[in-house]
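The residues making up each chain are set out below.
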Amino acid sequence: MNKLASRRAFLKGKVLRNDQNSIRPPGADAAEFLELCTQCDECREACPEDIIKFDTQGFPVVQLDAGPCTFCGDCANACPTGALNPEHIAYWPWRARVAATCLSMNGISCRVCQDICDHRAIRFQLQTGGRAEPVLDTDTCTGCGACASACPAGSVSFERHTPPTQEVAL
Ligand code: SF4
Ligand code: SF4
Ligand code: SF4
């Protein structure tokens, strides 16, 4: 039995939790990722940004608050099993969102996320009391994570924003 077949046989008896909030590396196939990934570590080793870590089940996740993803595709190209498909890298469903802990929303002047965003996907709406609320343009945001890794308050997270025509990563 080859490695992939034995992996499938092994997984048959296991219930793996398919966490929809896990940010898998670019090119992860929504339907088959957990079945195809052998937890071999090749994607993590290939990532020049060192932002791929492993979740508690041993599967790779991209940790965008550790640094931005450049969508270079090195992880997908290194994947030996097809769990990451280089042709699906563009279908990245994640978009930034800012939590209420944002400094600007609490009256402390900060525009770090706006300044670092190459895609100009963040603008600020002035509020009363010296506060300003960041507004995300989800059509422009690429989900790269540059804002998340720069935010001094750790207020940026990511949520799935997948148009129906873009069915991909877990
Ligand atoms: S696309 Fe490149 S930068 Fe992004 S996780 Fe993969 S290897 Fe790392
Ligand atoms: S390279 Fe592919 S098979 Fe190996 S851990 Fe990464 S996603 Fe899983
Ligand atoms: S994830 Fe990237 S593109 Fe989106 S708002 Fe943050 S820096 Fe801009």
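Just so it is clear, the model here is predicted, and its values are computed rather than measured.

### Some details on the UniProt feature "binding site: [4Fe-4S] cluster 1" (unreviewed entry) in the protein chain
- UniProt's feature table lists "binding site: [4Fe-4S] cluster 1" (unreviewed entry) at Cys37, Cys40, Cys43 and Cys47, given in the numbering used throughout.
- By the secondary structure assignment, cysteine 43 is in helix H3 (residues 42-46).
- Other than its neighbours up to four places away in sequence, cysteine 43 contacts Ile52, Pro60, Cys75 and Leu84.
- Assignment of secondary structure puts cysteine 47 in the loop between H3 and strand S1 (52-54).
- Cysteine 47 gets classed as buried once you look at its relative accessible area, which sits at 15%.

### Focus: the site of ligand 1
- All residues in the neighbourhood of ligand 1 are listed as Pro26, Cys47, Pro48, Glu49, Ile52, Cys69, Thr70, Phe71, Cys72, Gly73, Asp74 and Cys75.
- Within the shell around ligand 1, the residues separate by chemical class into eight nonpolar, two polar and two charged.

### Quick look at unusual backbone geometry
- Despite not being glycine, aspartate 41 shows a phi value in the positive range, around 90°.
- Among the secondary structure elements, aspartate 41 is positioned in the loop between helix H2 (33-36) and H3.
- Residue aspartate 50 is not a glycine yet carries a positive backbone phi of 55°.
- Relative to the helices and strands, aspartate 50 is located in the loop between H3 and S1.

Definitions and limits used
- Residues numbered from 1 in each chain as written.
- Chains lettered and ligands numbered in written order.
- Predicted model: local features only at pLDDT ≥ 70, side-chain atom pairs only at ≥ 80, totals over all residues.
- Heavy atoms only, no water.
- UniProt positions renumbered as here; feature names shortened; annotations may be inferred.
- Helix = DSSP H or I, 4+ residues; strand = E, 2+ residues; numbered from the N terminus.
- Contact = heavy atoms within 4.5 Å.
- Buried < 20%, exposed > 50% of the residue type's maximum accessible area, 1.4 Å probe, protein only.
- Near = heavy atom within 4 Å.
- Nonpolar A, V, L, I, M, F, W, Y, C, P; charged D, E, K, R; others polar.

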